[in-house]
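# Observations on the model geometry
Letter by letter, the chains look like this.
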Amino acid sequence: MQIDLTDNGCLALLLSDDELSAMGLCFEQLDRRDAATRRMLRTLLQIARRRVGFTPEGALSVEALPTADGCLLLVTPLTPCAERPLVFRIPDENALLQIAAAWRHDAHPWGQSSSLYRTDDGFRLILYGMAPFGALTECAEATDEHAAFIAEHGTPWFVGDALPQLHKTL
């Protein structure tokens with residue numbers, strides 16, 4: 001099992017199929033309503049606390065993404081401004097550049113992150129633990145899509161630090 005704590009306070013857990021099986025689960029069985037899945041998550045969060053010091057307060061967003069030989073769990077502490085990750089459709093490169101120019105920070109504040117994916121109809125920007133800002137609402141459209149779906153079907157450009165990385169490219 002690989003455990004990484006990002007600079008913005010999010011946790012990434014990479015589990016093999018064998019590790020999931022040892023916990024009595026497989027990717028297809030993961031379900032937040034399932035007692036075995038909840039036990040597995042509690043155990044993994046205890047391990048993450050010991051190994052990397054992950055001690056969030058409050059609610060968490062957990063996304064499970066399939067990998068070639070297991071799964072990736074993305075754990076994001078939620079702030080009051082966001083119940084779940086927000087997804088925005090950005091139609092083209094010009095809109096993306098305007099959003100990048102409006103972002104003025106070298107890094108996300110603790111508990112916030114953003115990821116950018118290329119899709120068939122433009123880009124998707126996912127915000128974790130943060131509210132949208134002016135240029136984003138002007139140049140992009142909020143969607144009801146789920147972040148896990150975008151991560152599975154889109155092509156990742158920047159994961160975890162999209163807005164700071166985009167701003168640095170200008």
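Right above here is the structure, for reference.
So, here is what we can say about the structure in this document.

Here is what the cut-offs are and how they apply
Residues numbered from 1 in each chain as written. Predicted model: local features only at pLDDT ≥ 70, side-chain atom pairs only at ≥ 80, totals over all residues. Heavy atoms only, no water. Helix = DSSP H or I, 4+ residues; strand = E, 2+ residues; numbered from the N terminus. Buried < 20%, exposed > 50% of the residue type's maximum accessible area, 1.4 Å probe, protein only. Contact = heavy atoms within 4.5 Å. Areas by Shrake-Rupley, 256 points an atom, 1.4 Å probe, with all protein chains shown as cover. Lys, Arg positive; Asp, Glu negative; His and termini not counted. Charge placed at Lys NZ, Arg CZ, Asp CG, Glu CD. Salt bridge = Lys/Arg side-chain N within 4 Å of Asp/Glu carboxyl O. Patch = residues over 30% accessible without salt bridge, like charges linked within 9 Å, V, L, I, M, F, W, Y side chains within 5 Å. Pairing = 2+ DSSP bridges. Axes fitted to C-alpha atoms, helices over the stretch in contact; angles between N-to-C directions.

Per the secondary structure count, the chain includes six helices and nine strands. Projected onto its principal axes, the C-alpha positions of the chain cover 50 × 30 × 25 Å. Buried positions account for 42% of the 170 residues belonging to the chain. Taking contacts inside the chain between residues at least 6 apart in sequence as the whole, the part at least 24 apart equals 67%. Of the roughly 9300 Å² of accessible surface on the chain, 50% is carried by carbon and sulfur atoms. Counting 14 positive and 23 negative side-chain charges, the chain places the centres of these two groups 7 Å from one another.

The subject of this paragraph is the pattern of salt bridges. Inspection of every chain in the model, using the stated rule, returns five salt bridges. Arg33 is the partner of Asp31 in a salt bridge, and the nearest nitrogen-oxygen pair spans 3.0 Å. Overall, the relative accessible area of 27% leaves Asp31 in the partly exposed class. The exposure class assigned to Arg33 is exposed, which follows from its relative accessible area of 63%.

As a further point, take the environment of Leu136. Summarising the element assignment, Leu136 is placed in helix H4 (residues 134–139). Judged by relative accessible area, which is 0%, Leu136 ranks as buried. A C-alpha to C-alpha distance of 14 Å links Leu136 and Gly122, two positions 14 residues apart in sequence. Setting aside chain neighbours within four positions, we find Leu136 in contact with Phe88, Ile99, Leu125 and Leu127.

Negative charge collects at one region of the surface, where Asp17, Asp18, Glu28 and Asp69 lie side by side. A relative accessible area of 39% means that Asp17 is categorised as partly exposed.

Examined against the element boundaries, Ser115 turns out to sit in strand E6 (residues 113–119). Excluding residues within four positions of it along the chain, Ser115 makes contact with Arg124, Leu125, Ile126, Tyr128, Phe158, Val159, Gly160 and Ala162.

Here we have four strands laid out as an open sheet, ordered E1-E2-E4-E3, and antiparallel in their pairing. Of all the strands in the sheet, the pair left with one neighbour each is strand E1 (2–5) and strand E3 (60–67). On average, each strand axis in the sheet is tilted by 15° relative to the strand beside it, whichever way the strands run. Sheet topology places E3 next to strand E4 (residues 70–77); eight bridges connect them, and they run antiparallel. Looking at E4, one finds that Ala64 is bridged to Leu73. Across the sheet, helix H2 (residues 35–52) touches E1, strand E2 (11–16), E3 and E4, and the angle it forms with E1 is around 65°.

Quick look at the sheet that holds E6 now. Within a sheet, adjacent strands bond to each other through the backbone by hydrogen bonds, running parallel or antiparallel. Spatially, E8-E5-E7-E6-E9 is the arrangement adopted by the five strands of the open sheet, whose pairing is antiparallel. Single-partner strands in this sheet number two, and they are strand E8 (141–143) and strand E9 (155–158). Strand-to-strand twist in this sheet, taken as the mean axis angle between neighbours without regard to direction, amounts to 30°. Bridging between E6 and strand E7 (residues 122–128) involves seven bridges; their strand directions are antiparallel. Bridge pairing links Ser114 to Leu127 in E7. This element, helix H3 (residues 93–102), spans strand E5 (86–90), E6, E7 and E9 of the sheet and lies at about 130° to E5.

That is the geometry; function is a separate question.
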